[in-house]
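What follows is each chain in one-letter form.
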Amino acid sequence: MSSDVTLLDTALDKARYIATGLLLCFTSQQAFAGSFQLHEQSVTYLGNAFSGTASTAEDASTGYYNPAGLPLLKNPQIVVSGIYYHGTIKLYNAHATNNLGANVASNPTSWPVSSALVPGVHLSANINKNWSVGIGVVAPFGLSTKYNSTSIARYMATKSEIQTIDITPSVAYKINCQWSVGAGFDAMHVKTVLDSDIFFGSEGYVKNNGHAWTYGYHLGVLFQASKDTRMGLVYYSLFNPHIHAKVSTLGYPSASKPTSSSSTVNLPDRIVYSITHMYSDQWTGVGDVEWVHWSRLQSLTVNYNNNTATYIPMFGKNTWRVSLGANYKYSECLLFKGGIAYDESPIRTVYRIAPLPDSDRYWIALGVKYKVYKQLSFDVAYAHLFFKKCSIQETGTVNGVVRQTLYGNYKSSADLVGIQLTWNFV
């Protein structure tokens, strides 16, 4: 029985490891920018690979990207958008062992599915010549990674889903013709499903269903350096979500199993600097530099209601995201957009996990904006992401001896397609 209990603790450790790793991906705007954290709160900047997000102030979505841009909007406005994310992931040359240390007899190649529909709604209005307000309802995180029931990775992860709703009111003040400042409040609800299989003589599972509210803020400043050049700087705060999860299991060898867990995660802050420059009446250049303070996240602790706890080292590395784009104004009604980006991942190879096979990636994007008439316009955009190949070396131990393992390589890419409607109240 003592051996079975030890194996039980090991399986629980694995469930905690997966759950905690995924906490990094959905609870704030500072999570892993690509696999689970999404920049896609509107289609406005998708065609530019999210360049100029803090400086362009093109529509009401600036209330989220940089609230200091709200005074630049001449009329009350509503923006409704939807972006579909589809990831293509290949796990290959993989070999694995289950909870008992036995080899997993499965195809060494697996194709986990990753997809999400990312909605966004933004409203803005000017109170007077100095004060403006806005509110957005967005989903900063909302992807899903699913391995099938025969995948070689199923003892590390099967179903990992994340849903978020972020309600973000904002206010801005125009100081003078050059400077404006703004602030936004973030109230985000998080919902998770985190499942994996186990094996103790027969197939079983561990399922985690969690939720939390987490709160933060973002502060922005906008500077009109000249009639052709505008710069923006935004700070996004640290978040401290306290996750409560229900735990259900099948196939455990002991009755001493938990039914719930809790954990608190201190996630890093980030800074975004943007620039927008008009080269001519037709051509505009945009750029973004983003820095995320991931080194703040060194470890995590997950507490279960059976008086056990797990300490998990994470050792995230600080990351940069750099993007460049251009807009071509073909006519008063038609605007073409393009952009490229390089986006770092904070994950070190030794800490990569099956639910999050994330790596550095490159972006290429195209978009078009069409003004139907002065009240109504549409945006359509597409982006493709090229992920660097990466490896996984995930392990679990029993009494210091490695039993549960997953070794292999990942090759990934992703496609994003978005459509947006903007209505001006004029």
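Residues numbered from 1 in each chain as written. Predicted model: local features only at pLDDT ≥ 70, side-chain atom pairs only at ≥ 80, totals over all residues. Heavy atoms only, no water.

1. Observations concerning the overall build of the chain
Piece 1. Summing up its helical and strand segments, the chain has 2 helices and 20 strands in all.
Piece 2. When the 426 residues of the chain are sorted by exposure, 56% land in the buried category.
Piece 3. Across the chain, contacts joining residues at least 24 apart in sequence account for 70% of those joining residues at least 6 apart. (Helix = DSSP H or I, 4+ residues; strand = E, 2+ residues; numbered from the N terminus. Buried < 20%, exposed > 50% of the residue type's maximum accessible area, 1.4 Å probe, protein only. Contact = heavy atoms within 4.5 Å.)

2. Overview of the environment of T395
Piece 1. As for its placement among the helices and strands, T395 is situated in strand β19 (residues 390–398).
Piece 2. For the pair T395 and A96, spaced 299 residues apart in the sequence, the C-alpha separation amounts to 9.3 Å.

3. Topic: unusual backbone geometry
Piece 1. A positive phi angle, near 60°, is found at F50, a position not held by glycine.
Piece 2. Tracing the backbone shows F50 in the loop between α1 (2–26) and α2 (62–65).
Piece 3. Of note in this structure, N93 is not a glycine but carries a positive phi near 50°.
Piece 4. Position of N93 relative to the elements: it lies in strand β1 (residues 77–97).
Piece 5. Since its relative accessible area comes to 54%, N93 is described here as exposed.

4. Points about the nonpolar core
Piece 1. Counting 24 residues, the largest nonpolar core has L46, W363, A383, L385 and L416 as the members making the most contacts within it.
Piece 2. The element that contributes the greatest number of residues to this core is strand β18 (residues 376–387), accounting for 4 residues.
Piece 3. Once residues within four sequence positions are removed from consideration, L385 is found in contact with R361, Y362, W363, S413, A414 and L416.
Piece 4. With 16 residues, the next largest nonpolar core counts L91, A96, Y147 and Y410 among its residues. (Core = buried A, V, L, I, M, F, W, Y, C linked by side-chain atoms within 4.5 Å.)

5. With respect to the packing of aromatic side chains
Piece 1. Summed over all chains, the structure comprises 14 aromatic pairs.
Piece 2. Judged by centre distance (6.3 Å) and plane angle (10°), the rings of W213 and Y215 are stacked.
Piece 3. One aromatic cluster in this structure is built from Y45, Y64, Y65 and Y236.
Piece 4. R270 extends its terminal NZ or CZ atom over the ring of Y236, reaching a point 3.8 Å from the ring centre. (Phe/Tyr/Trp six-rings, centres within 6.5 Å; stacked < 30°, edge-to-face > 60°. Lys NZ or Arg CZ within 6 Å of the ring centre and 35° of its normal.)

6. A look at the side chain of D269
Piece 1. With respect to the helices, strands and loops of the structure, D269 is situated in the loop between β10 (260–264) and β11 (270–278).
Piece 2. By relative accessible area, which is 8% here, D269 ends up buried.
Piece 3. One polar contact links D269 to Y235, side chain to side chain, over a distance of 2.9 Å. (Polar contact = N/O pair within 3.5 Å; in protein donor to acceptor, adjacent residues only side chain to side chain.)

7. Some words on the pattern of salt bridges
Piece 1. Considering all chains together, one arrives at 14 salt bridges under this definition.
Piece 2. In this structure, K227 and D228 form a salt bridge, with 3.4 Å as the shortest nitrogen-oxygen distance.
Piece 3. Overall, the relative accessible area of 71% leaves K227 in the exposed class.
Piece 4. D228 sits in the partly exposed class, given a relative accessible area of 27%.
Piece 5. Here R361 and D343 are joined by a salt bridge, their closest N and O atoms 3.6 Å apart. (Salt bridge = Lys/Arg side-chain N within 4 Å of Asp/Glu carboxyl O.)

8. Here we look at the pairing of β11
Looking along a regular strand, one sees side chains alternate from face to face of the sheet.
Piece 1. Across 8 bridges, the pairing between strand β8 (residues 229–236) and β11 is antiparallel. Directly across from R230, in β11, lies its bridge partner T276.
Piece 2. Here 9 bridges tie β11 to strand β12 (residues 283–292), and the two strands are oriented antiparallel to one another. Along β12, the bridge assignment pairs T276 with V286.
Piece 3. What sits between the antiparallel neighbours β11 and β12 is a turn of 4 residues. (Pairing = 2+ DSSP bridges.)

9. A closer look at the confidence of the model for the chain
A low pLDDT score tells you not to read the predicted coordinates there in detail.
Piece 1. When pLDDT is averaged along the chain, the result is 86; 88% of the residues meet or exceed 70.
Piece 2. The model gives residues 1–35 a pLDDT under 50, and that stretch makes 142 contacts with residues more than four places away or in other chains. (pLDDT = per-residue confidence, 0-100.)

10. A look at the environment of I271
Piece 1. Inspection of the secondary structure assignment puts I271 in strand β11.
Piece 2. When the C-alpha positions of I271 and L219 are compared, they lie 9.7 Å apart, and in sequence the two are 52 residues distant.

11. A word on the environment of A94
Piece 1. Here A94 shows up in strand β1.
Piece 2. Residue A94 is classed as buried on the basis of its relative accessible area of 6%.
Piece 3. With 298 residues separating them along the chain, A94 and I392 place their C-alpha atoms 9.0 Å apart.
Piece 4. In this structure, A94 is in contact with P108, I152, L406, Y407 and G408, ignoring residues within four places of it in sequence.

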